[in-house]
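Residues per chain are reported as follows:
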Protein chains: 2
Amino acid sequence: MSESRKLETIPVETRILSENDRLAEENRAWFNRQGIFVVNLISSPGSGKTSLLVETLKALKGKLSCAVIEGDQQTDLDARRIAETGCPVRQVNTGQACHLDASLIKRAVNELAVSGLDVLFIENVGNLICPAEFDLGEHAKVVLMSVAEGEEKPLKYPLIFHLSSAVVLTKIDLLPHLRVDLQQAERNIHKVNPKAVILRTSTYTGEGLQDWLDWLSTQKSQLPL
Amino acid sequence: MSESRKLETIPVETRILSENDRLAEENRAWFNRQGIFVVNLISSPGSGKTSLLVETLKALKGKLSCAVIEGDQQTDLDARRIAETGCPVRQVNTGQACHLDASLIKRAVNELAVSGLDVLFIENVGNLICPAEFDLGEHAKVVLMSVAEGEEKPLKYPLIFHLSSAVVLTKIDLLPHLRVDLQQAERNIHKVNPKAVILRTSTYTGEGLQDWLDWLSTQKSQLPL
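The present account deals with the structure reproduced in this document. As the structure is a prediction and not an experimental result, all values here were calculated from the model.

Within chain A one finds eight helices and seven strands. What you see for chain A is a C-alpha radius of gyration of 17 Å, in line with the 17 Å of a compact globule of 225 residues. Counting only C-alpha atoms, chain A reaches 50 × 45 × 35 Å along its principal axes. Residues classed as buried in chain A amount to 49% of the 225 residues present. Nonlocal contacts in chain A, meaning residues at least 24 apart in sequence, comprise 75% of its contacts between residues at least 6 apart.

Structural data, given as structure tokens:
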């Protein structure tokens, strides 16, 4: 990295992150007052965040009042998939930006204008790096990792695995067709985050989805809302 | 995005990108003088960049003199896999940064200190967003997309697909086990980049690897070196 870049960006990034943290705390205080449990879903592109969300929303229908904020650089493809479940959804296109931030969430929540919410899911931009640094005011970060991505992602992108309350392993139906050592993947997760809850799931077979719903329910019940 | 962020970051980013572009042109001029063909490989985490590289280096052994620069936030796992092929490799850990830049490449090339190179492969940090904006001085960007990632990535992350000379579809051996429409994926690629060469590959079965090697060879031969 060039010297000029170091000199210029570090103070600016520090200011941005500190301003973001302040807004994130405002968001969290507001979510707490409203009794809304907020989950920030983060993963590589194509790990299956939207598919997990669609199945989750179908399962929670009539039980909990949910809404979704969809973050993508471009398109409203994911928001359309969510809308088909009947769940209120707001698409946020970040353009060149590689992550959502607390101010984008504040605006999207205002625009959603849904009252009586129980759970707000935020689907972040598909990226294991930049979203890790930006607190949105959520109660829990959840990182998804498709088993087709291999065993080493937790070691290569440790921050997001370190910060996440749960790691959802997706597409486990593919395991018989992959040269992937699932136990090694799980050991790698626990190396960077010994407390992480690991959930093995497949939206294709439905395996593990009940465990994921139970985890959500327990997390929500433990909040000081 | 907050107003304060807009005001602060845009001029800084413009300066960084313009300084990066200047260094990238210096790199490219140097690569041209040395007769080195340089490929910048970009994809989501876990799409199979290192696996493709390992198979490529094995196939080119004794035919072309190759070297690799490995970009990762953390770990030297990929560099160790490359080193096992006998190919010179330099690991660059970017720490918090989500992409390589031209100055990191300049330094890594100096440290590699390999003479008589034919091809330099740069494996960028696993990220479809940030690496797209940083010219490294390469002759061709190649984006990899695992078919397990679904059809929509080119529409959601259009910049990198727009800028790439070739799109390597990886893990096509998984197709029978996926609900993925490959033709739709390819239509989406051509929507954002009508000229993109699309290569279907599997390092597991070896399918398509010869097409990829042929593409590399043609590209190298067409350069004004």
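The next subject is the pairing of strand β6 (residues 166–170) of chain B. Residues and elements named next belong to chain B. When you tally the buried positions in β6, you get five out of five residues, the bulk of the element. Bridge analysis of strand β5 (residues 140–146) against β6 gives five bridges, and the strand direction is parallel. Counted as the bridge partner of S146 is T170 from β6. Direction of pairing for β6 relative to strand β7 (residues 197–200): parallel, over a ladder of four bridges. From the neighbouring strand, A166 faces β7, where its bridge partner is V197.

All names here are of chain B. Sheet architecture is open: seven strands sit in the order β3-β2-β4-β1-β5-β6-β7, paired in parallel fashion. Taken across any chain shown, the strands that pair with only one partner, and hence form the sheet edges, are β3 (89–93) and β7. On average, each strand axis in the sheet is inclined to that of its neighbour by 20°, with strand direction left out of account. Taken together, the five bridges between strand β2 (residues 66–72) and β3 define a ladder with parallel strand orientation. Of the residues in β3, the one forming a bridge with I69 is R90. Across the sheet, helix α4 (residues 102–112) touches β2, β3 and β4 (119–123), and the angle it forms with β3 is around 145°.

Before going further, it helps to examine the sheet that holds strand β6 (residues 166–170) of chain A. Residue and element names in this part refer to chain A. Strand order in the open sheet made by the seven strands is β3-β2-β4-β1-β5-β6-β7, with parallel pairing throughout. The outermost strands of the open sheet, each flanked by one partner alone, are β3 (89–93) and β7 (197–200). With strand direction ignored, the average angle separating the axes of adjacent strands in the sheet is 20°. Looking at chain direction, strand β1 (residues 37–42) and strand β4 (residues 119–123) are connected through five bridges and run parallel. Opposite F37, over in β4, you have V119 as the bridge partner. Contacts from helix α4 (residues 102–112) reach β2 (66–72), β3 and β4, with the element oriented near 145° to β3.

Now for the relation of the copies chain A and chain B. In this arrangement, two copies of a chain are superimposed by a rotation about an axis accompanied by a shift along the axis. Rotating chain A by 180° about the axis while translating it 0.0 Å along that axis superimposes it on chain B, leaving an RMSD of 0.0 Å. Seen this way, the second copy is the image of the first under a two-fold rotation axis. The residues that chain A uses at the interface reappear at the interface of chain B in 100% of cases, marking a shared surface.

What follows deals with the interface of chain A and chain B. At the interface, 41 residues of chain A touch 41 residues of chain B. Of all the elements in the fold, those that place two or more residues in the side of chain A that touches chain B are α1 (3–34), α4 and α5 (153–156) of chain A. The biggest single contributor to the side of chain A that touches chain B is α1 of chain A, with eight residues. A breakdown of the residues in the side of chain A that touches chain B according to their chemical character gives 16 nonpolar, 14 polar and eleven charged.

In this fold, Q74 of chain A is placed in the loop between β2 and α3 (77–83). Distance in space between the C-alpha atoms of Q74 of chain A and Q96 of chain A is 8.9 Å, their sequence separation being 22 residues. Ignoring any residue separated from it by four or fewer positions in sequence, one finds Q74 of chain A in contact with N93 of chain A together with L155, K156 and P158 of chain B.

All right, on to unusual backbone geometry then. Excluding glycine, residues mostly carry a negative phi; peptide bonds, for their part, are mostly trans. Residue and element names in this part refer to chain A. The phi torsion at K171 lies on the positive side, around 60°, for a residue other than glycine. Topologically, K171 is positioned in the loop between β6 and α7 (182–192). By the C-beta count within 10 Å, which is 26 here, K171 ends up buried.

Residue and element names in this part refer to chain B. Tracing the backbone shows L144 in strand β5. Between the C-alpha atom of L144 and that of S165, which follows or precedes it by 21 residues, the distance is 11 Å. Setting aside residues no more than four positions away along its own chain, L144 makes contact with L41, S43, S47, G48, K49, L52, V168 and T170.

Here is what the cut-offs are and how they apply
Residues numbered from 1 in each chain as written. Chains lettered and ligands numbered in written order. Predicted model: local features only at pLDDT ≥ 70, side-chain atom pairs only at ≥ 80, totals over all residues. Helix = DSSP H or I, 4+ residues; strand = E, 2+ residues; numbered from the N terminus. Rg over C-alpha atoms; globule rule 2.2 N^0.38 Å. Buried ≥ 20, exposed ≤ 12 C-beta atoms within 10 Å, placed from the backbone. Contact = placed C-beta atoms within 7 Å. Pairing = 2+ DSSP bridges. Axes fitted to C-alpha atoms, helices over the stretch in contact; angles between N-to-C directions. Least-squares fit on C-alpha atoms with pLDDT ≥ 70 in both. Nonpolar A, V, L, I, M, F, W, Y, C, P; charged D, E, K, R; others polar.

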